Amino acid sequence: MNVNQSAPPVPPFGQPQPVYTGYHQSSYGGQPGSTAPPTPYGAYNGPVPGYQQTPLPGVSRAPPSSEAPPASTAQAPCGQVAYGQFGQGDVQNGPSSTVQMQRFPGSQPFGSVPLAPVVSQPTVLQPYGPPPTSAQVTAQLAGMQISGAVAPALTPVGLGYGPPTSLASASGSFPNSGLYGSYPQGQTPPLSQAQGHLGTQPPQRSAPPQASSFTSPASGGPRMPSMTGPLLPGQGFGGPSVSQPNHVSSPPPQALPPGTQMTGPPGPPPPMHSSQQPGYQLQPNGSFGPARGPQPNYGSPYPGAPTFGSQPGPPQPLPPKRLDPDAIPSPQLNELPPQQKTRHRIDPDAIPSPIQVIEDDRNNRGSEPFVTGVRGQVPPLVTTNFLVKDQGNASPRYIRCTSYNIPCTSDMAKQAQVPLAAVIKPLARLPPEEASPYVVDHGESGPLRCNRCKAYMCPFMQFVEGGRRFQCCFCSCINDVPPQYFQHLDHTGKRVDAYDRPELSLGSYEFLATVDYCKNNKFPSPPAFIFMIDVSYNAVRSGLVRLLCEELKSLLDFLPREGGAEESAIRVGFVTYNKVLHFYNVKSSLAQPQMMVVSDVADMFVPLLDGFLVNVSESRAVITSLLDQIPEMFADTRETETVFAPVIQAGMEALKAAECAGKLFLFHTSLPIAEAPGKLKNRDDRKLINTDKEKTLFQPQTGAYQTLAKECVAQGCCVDLFLFPNQYVDVATLSVVPQLTGGSVYKYACFQVENDQERFLSDLRRDVQKVVGFDAVMRVRTSTGIRAVDFFGAFYMSNTTDVELAGLDGDKTVTVEFKHDDRLNEESGALLQCALLYTSCAGQRRLRIHNLALNCCTQLADLYRNCETDTLINYMAKFAYRGVLNSPVKTVRDTLITQCAQILACYRKNCASPSSAGQLILPECMKLLPVYLNCVLKSDVLQPGAEVTTDDRAYVRQLVTSMDVAETNVFFYPRLLPLTKSPIESATEPPAVRASEERLSNGDIYLLENGLNLFLWVGASVQQGVVQSLFSVSSFSQITSGLSVLPVLDNPLSKKVRGLIDSLRAQRSRYMKLIVVKQEDKLEMLFKHFLVEDKSLSGGASYVDFLCHMHKEIRQLLS
Ligand SMILES: [Zn+2]
């Protein structure tokens, strides 16, 4: 729908909109002369002594002695702290650190140092090869033309100085992960929803039952759930929880004997007046009972059930007798440790099962498209594969709400305590079957908007007076229709061209923005990517620098493109750094790249403009040469100290000088302790956990990074950070800029090429290729009556309404909370409009609009009937994870528990049919709220196990902040898939089982994934044939524990399991490294941490215990 470019008459609506006035403010830069000189180098006055002598780091120093490597780089066992070593990074990197590059007049020819020309040596990629011969070194020296430079190191550099390596030699040296072949023309992997459809039930959403009341088995006649794993009698819940979000390296501590850690539920102590609650009743799950009605597709055994019998494990027991509601009188409850009293009395199968809810939704709603024409429709769950047809409301891939029916009044909302929030993913990627939003071009007049509230034209605007005016659906203002937009109305009052115009018929679409929407009233230049590579000792020694440079040579061909463009419009630049920065001139006319060193990190500037940001295809030869040479130049570096803030500053200044937005890709290894702005100290202190000062662990240790982030946002400079720490690096501080600029953080603890390259390269490829909107501003408008009051995600806000994003990719969400400021109308409902102004990868300024209409209710029951628990949990987790920045973690946890209890108590009081006061009754749509909330409470941020590092917690905290609903769903409640229970030939994913040790059969093999971690658990009694087929060894004992790659074997089981692993990885935005865990092996402790229905050793309650606790809280509120 790229309408023509013909300019319509003078637009009455095309004025610059107040919303984006920020762009015209001086803070957005662009003032000539100050920081962005109008002519290159104009601002860089002064002499440049010493500049022409700029030595190359790594070669300009005396040969290293044979003494031990610098202490701070000594191989600290991963997970063990060796902080004392930080102070010793005093090994100088030769003269470069003392040659202060001065600012110089523009005419100065820079005396750039050409990099070492490539000398013959057949293979570059022999990381551990022999040292070069002296002849080679001489040749290299001759080629480098460095005056005054000391001879290069004669120690084994292990690297030849060969010709530029071809891609072929690269793949020969590094095991090819096979991902190259699958680069889908700049596209990203398919969304999980792109998978085939499951289920056969029609999508008709028959009025869902209101509640899961835990009625007794006699009256309810619950269906026996088909649980797939026999119990493992006597299996303890021992073992501390060990969570290593991205690596597993710490030896798990000794398991405690089962039963020694019978702790109660988490959270606040039982309220004081709660001691004698008669008739405590917890009853079987309504989800299996009559409330749902007959479910033809579940109830019976899962597909493949007949093969259960072949498993050598103990026979599958029938679920034990249901809980007798009267069997748990309250006094006993308060006398016994909760674990004991509940474990023997409450049948886990009788409480709401996430697996069952997911299966039901797949069966009921997965087979037909979700059509968005009806207001207030609750979409299928995120775990259901379904297609979306846009008929006037935004797809749930773009917006999901905690409730699709919101209370008319603030009083009702306060009573229910259900947060009203939308999780918005403005640039979400769609499955290939669904069309991307149409781009509408209104020419010079720009998009049509309401004069008063500035809402954009959308299907809910009402045309009146024969089409000459329209009434705004948000603020009711009557606006004139500009002549060029006029159209007649049909007999229903609808414009006759409504279906020809995306903005009148669809929930999501884009407008081409006019120059009024651009910074400084100038259309933007295409964005740039700057790769900034840490070349300190750790980065070089781990193999990172070499791996990365090799990868970039080919990855640069896959920069994001728009539409059918032959090549990407994005320009690239390169910087390396340790405690000084090295810029590279890679201008296409150069024979060799040139390096310029800036050692004045306190006052960062960019020493070159022309030749720093280049087009990849034009400068390919120079870039390739540079990437070949970087690993050689720094091969012998002894520099262990790094700077960090100056690196970001430099990248941002470079973009500013080039007058474009862009992204910095930072590859960083250590705590930046070198003397420079943003210098950090090691302040990790685990003793602060569970104290009032715990929050400081999550706060940045200096405000410098916030200030820097603000400057980055003003420039549209998004920062993606790849961390490779061997010890504490203060993720909480280093991630401030990525977080505030809409960037991503990746963390590879104890990175080693052999073990981690696949994960890193996979993440890197995806990150570099993904489509990004730059220099973005997002605004959410709502109907009068509610307004957006709070925002969560990776962005910056300088006022209360505009979400500023230096960059926004298709994985990031912004969560918006709404509050009433007036009364809503049941008849007109409530409307949301999310408008995102951004610069596309090709440099086009666009507006993406998403509209969503919600129902409004005067009955609380309607609210509870139209909630979405997954979204609720997403919001609550983000709320809590932000809360730990300011409040003690215990307070945050208590707040969550109280809120959950209030939500459920309000339902019980106002919506549930009268029943015994002792019954726990949950709304049907919220019956998983307790189990999921318990998972949030037990998560590493809110209740860390002994092995969870401060950096891990900070890392997870900021990851969750941007997660969409599908990601938080699986992150908090991992998927556990039995692999040998369904027939091998079955093409579909095996049905999951509940995340509890009781569901594991020791005769089976399971995959567990949570979006970040992937485990393959092998039962001790698994059949020998299975072991042989998967691992190519003859017995369980020969399986290597901790294995991360399955052998490629030509048999159906091996193919199926490896295929499944690939498919799970393809569904997630980050590569999940596989860890093979054997039953009873010490690594099993790690795995058990993810069995979230069980009690955890860090104090997290089991599901059953937490449900009892929640019931008690609710009863408190009701009494
Ligand atoms: Zn309006």
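That block above? That's the structure.
How each quantity is defined
- Residues numbered from 1 in each chain as written.
- Predicted model: local features only at pLDDT ≥ 70, side-chain atom pairs only at ≥ 80, totals over all residues.
- Heavy atoms only, no water.
- Helix = DSSP H or I, 4+ residues; strand = E, 2+ residues; numbered from the N terminus.
- Buried < 20%, exposed > 50% of the residue type's maximum accessible area, 1.4 Å probe, protein only.
- Contact = heavy atoms within 4.5 Å.
- Areas by Shrake-Rupley, 256 points an atom, 1.4 Å probe, with all protein chains shown as cover.
- Pairing = 2+ DSSP bridges.
- Axes fitted to C-alpha atoms, helices over the stretch in contact; angles between N-to-C directions.
- Parallel < 35°, antiparallel > 145°, perpendicular 65-115°, else oblique.
- Left-handed = near helix turned anticlockwise from the far one by under 90°.
- Nonpolar A, V, L, I, M, F, W, Y, C, P; charged D, E, K, R; others polar.
- Donors = N, O, S within 2.8 Å, 3.2 Å for Na, K, Ca; no water.
- Tetrahedral: all angles 85-135°; square planar, octahedral: opposite > 155°, others 65-115°.
- Phe/Tyr/Trp six-rings, centres within 6.5 Å; stacked < 30°, edge-to-face > 60°.
- Lys NZ or Arg CZ within 6 Å of the ring centre and 35° of its normal.
- Core = buried A, V, L, I, M, F, W, Y, C linked by side-chain atoms within 4.5 Å.
- Expected span 1.5 Å × (residues − 1).
- Salt bridge = Lys/Arg side-chain N within 4 Å of Asp/Glu carboxyl O.
- Disulfide = S-S within 2.5 Å.

A. The overall build of the protein chain, seen in detail. Of regular secondary structure, the protein chain possesses 26 helices and 30 strands. A buried classification covers 63% of the 1119 residues belonging to the protein chain. Across the protein chain, every contact between residues at least 6 apart in sequence was considered, and the portion connecting residues at least 24 apart equals 79%. Accessible area for the protein chain stands at about 39200 Å²; split by element, carbon and sulfur atoms hold 53% of it.

B. Spotlight on the sheet that holds strand β11 (residues 478-480). With antiparallel pairing, three strands are arranged side by side in an open sheet as β9-β10-β11. If you trace the sheet from one side to the other, it starts and ends with β9 (462-464) and β11, each paired once. Neighbour to neighbour, the strand axes of the sheet diverge by 35° on average, direction disregarded. Examined bridge by bridge, β9 and strand β10 (residues 469-471) share three bridges and lie antiparallel to one another. Each residue of the ladder has a partner; that of Val 464, found in β10, is Arg 469.

C. Spotlight on the packing of helix α18 (residues 869-883) against helix α21 (residues 950-961). Two elements in contact, α18 and α21, have axes separated by 9 Å at closest approach and are oriented at 140°. With respect to α21, the element α18 is oriented oblique. The two elements α18 and α21 cross, and the hand of that crossing is left-handed. In this structure, α18 contributes Ala 877, Lys 878, Tyr 881 and Arg 882 to the contact, and α21 contributes Val 956, Arg 957, Val 960 and Thr 961. Residue classes in the contact of α18 with α21 are distributed as four nonpolar, one polar and three charged.

D. Representation of the coordination of the zinc ion. Within the protein, the atoms that donate to the zinc ion are Cys 450 (SG), Cys 453 (SG), Cys 472 (SG) and Cys 475 (SG), at distances of 2.2 to 2.3 Å. Note that the zinc ion binds four donor atoms; their angles at the metal cover 101 to 116°, and the shape is tetrahedral. Donor residues for the zinc ion sit on one chain with the sequence pattern C-x2-C-x18-C-x2-C. With respect to class, Cys 450 is no different from Cys 453; both count as buried.

E. Expanded view of the packing of aromatic side chains. According to the stated counting rule, one finds 31 aromatic pairs in the structure shown. Geometrically, the ring pair formed by Phe 722 and Tyr 746 is stacked, given 4.5 Å between the ring centres and 10° between the ring planes. With Phe 722 in strand β18 (residues 717-723) and Tyr 746 in strand β19 (residues 745-747), the pair connects residues that are 24 residues apart, well separated along the chain. Accessibility classification places Phe 722 together with Tyr 746 in one group, the buried group. Chaining the aromatic ring pairs together yields one cluster made of Phe 667, Phe 722, Phe 724, Tyr 746, Tyr 748, Phe 751 and Phe 760. It is Arg 1070 that lies over the ring of Tyr 746; its NZ or CZ is 4.2 Å from the centre. Its guanidinium or amino end placed over the ring of Phe 1036, Lys 1078 lies 5.0 Å from that ring's centre, counting from NZ or CZ.

F. Quick peek at the nonpolar core. By size, the foremost hydrophobic cluster in this structure holds 151 residues, and its most contacted members are Leu 581, Phe 583, Tyr 864, Leu 942, Leu 1007, Leu 1016 and Phe 1031. The element best represented in this core is helix α19 (residues 889-910), accounting for 11 residues. Excluding its chain neighbours within four sequence positions, the residues that come into contact with Leu 942 are Ala 880, Tyr 881, Val 884, Val 889, Val 892, Arg 893, Leu 896, Val 936 and Leu 937. By size, the runner-up hydrophobic cluster in this structure holds 47 residues, among which are Cys 549, Leu 555, Val 586 and Leu 761.

G. Region of the structure containing helix α12 (residues 645-658). Across its 14 residues, α12 extends 20 Å between first and last C-alpha, which sits within 8% of the 20 Å expected from 1.5 Å per residue. Within α12, burial applies to Ala 645, Pro 646, Val 647, Ile 648, Gln 649, Ala 650, Gly 651, Met 652, Glu 653, Ala 654, Leu 655 and Lys 656. Looking one or two residues past α12, Glu 659 carries a phi angle of roughly 55°, positive in sign.

H. Inspection of the pattern of salt bridges at higher detail. What the rule picks out here adds up to 50 salt bridges. A salt bridge links Arg 429 to Asp 811, with the nearest nitrogen and oxygen atoms 2.8 Å apart. Taken together, the residues Arg 429 in the loop between β7 (421-424) and β8 (439-440) and Asp 811 in the loop between β22 (803-809) and β23 (814-820) connect sequence positions 382 residues apart. Each member of the pair, Arg 429 together with Asp 811, is buried. A salt bridge links Lys 770 to Asp 767; its shortest N-O distance comes to 3.3 Å. Residue classification places Lys 770 among the buried residues on the basis of a relative accessible area of 4%. Asp 767 gets classed as buried once you look at its relative accessible area, which sits at 1%. One network of salt bridges, in which partners are shared, links Arg 429, Arg 766, Asp 767, Lys 770, Asp 809, Asp 811 and Lys 812.

I. Representation of the environment of Asp 1004. With respect to the element layout, Asp 1004 can be found in the loop between β27 (975-978) and β28 (1005-1009). In the structure, Asp 1004 is positioned 15 residues away from Gly 1019 in sequence and 5.4 Å away in space, judged by C-alpha atoms. Filtering out sequence-adjacent residues up to four positions away, Asp 1004 remains in contact with Pro 978, Leu 979, Thr 980, Lys 981, Trp 1017, Val 1018, Gly 1019 and Val 1022.

J. Summary view of the pairing of β23. In terms of burial, β23 is largely enclosed, as six of its seven residues are buried. Sheet topology places strand β21 (residues 786-792) next to β23; six bridges connect them, and they run antiparallel. Opposite Asp 790, over in β23, you have Glu 817 as the bridge partner.

K. Fine view of the packing of α19 against helix α26 (residues 1103-1118). Contact geometry of α19 with α26 gives a least axis separation of 8 Å together with a crossing angle of 60°. Crossing of α19 over α26 shows right-handed handedness. In this structure, α19 contributes Ile 897, Cys 900, Ala 901, Gln 902, Leu 904, Ala 905, Arg 908 and Lys 909 to the contact, and α26 contributes Phe 1106, His 1109, Met 1110, Glu 1113, Ile 1114, Leu 1117 and Leu 1118. Of the residues that constitute the contact of α19 with α26, the class distribution is 10 nonpolar, two polar and three charged.

L. The sheet that holds β28, seen in detail. An order of β27-β28-β29-β30 is seen for the four strands of this open sheet, with the pairing classed as mixed. Each of the sheet's edge strands pairs with one partner strand only, and the pair in question is β27 and β30 (1073-1078). With strand direction ignored, the average angle separating the axes of adjacent strands in the sheet is 20°.

M. Broad picture of the state of the cysteines. The full count for this structure, using the stated rule, is zero disulfides. In this structure Cys 856 is a free cysteine whose sulfur lies 5.1 Å from that of Cys 408, the closest cysteine sulfur available. Cys 911 provides the cysteine sulfur closest to Cys 906, a residue in no disulfide bond, and the two sulfurs are 6.1 Å apart.

N. Summary view of the environment of Val 936. The residue Val 936 is located in helix α20 (residues 929-937) in this model. Taking the relative accessible area as the measure of exposure, Val 936 reaches 0% and is therefore buried. Separated by 156 residues in the primary sequence, Val 936 and Val 1092 have C-alpha atoms spaced 9.8 Å apart. Excluding residues within four positions of it along the chain, Val 936 makes contact with Ile 873, Ala 877, Leu 896, Leu 942 and Phe 972.

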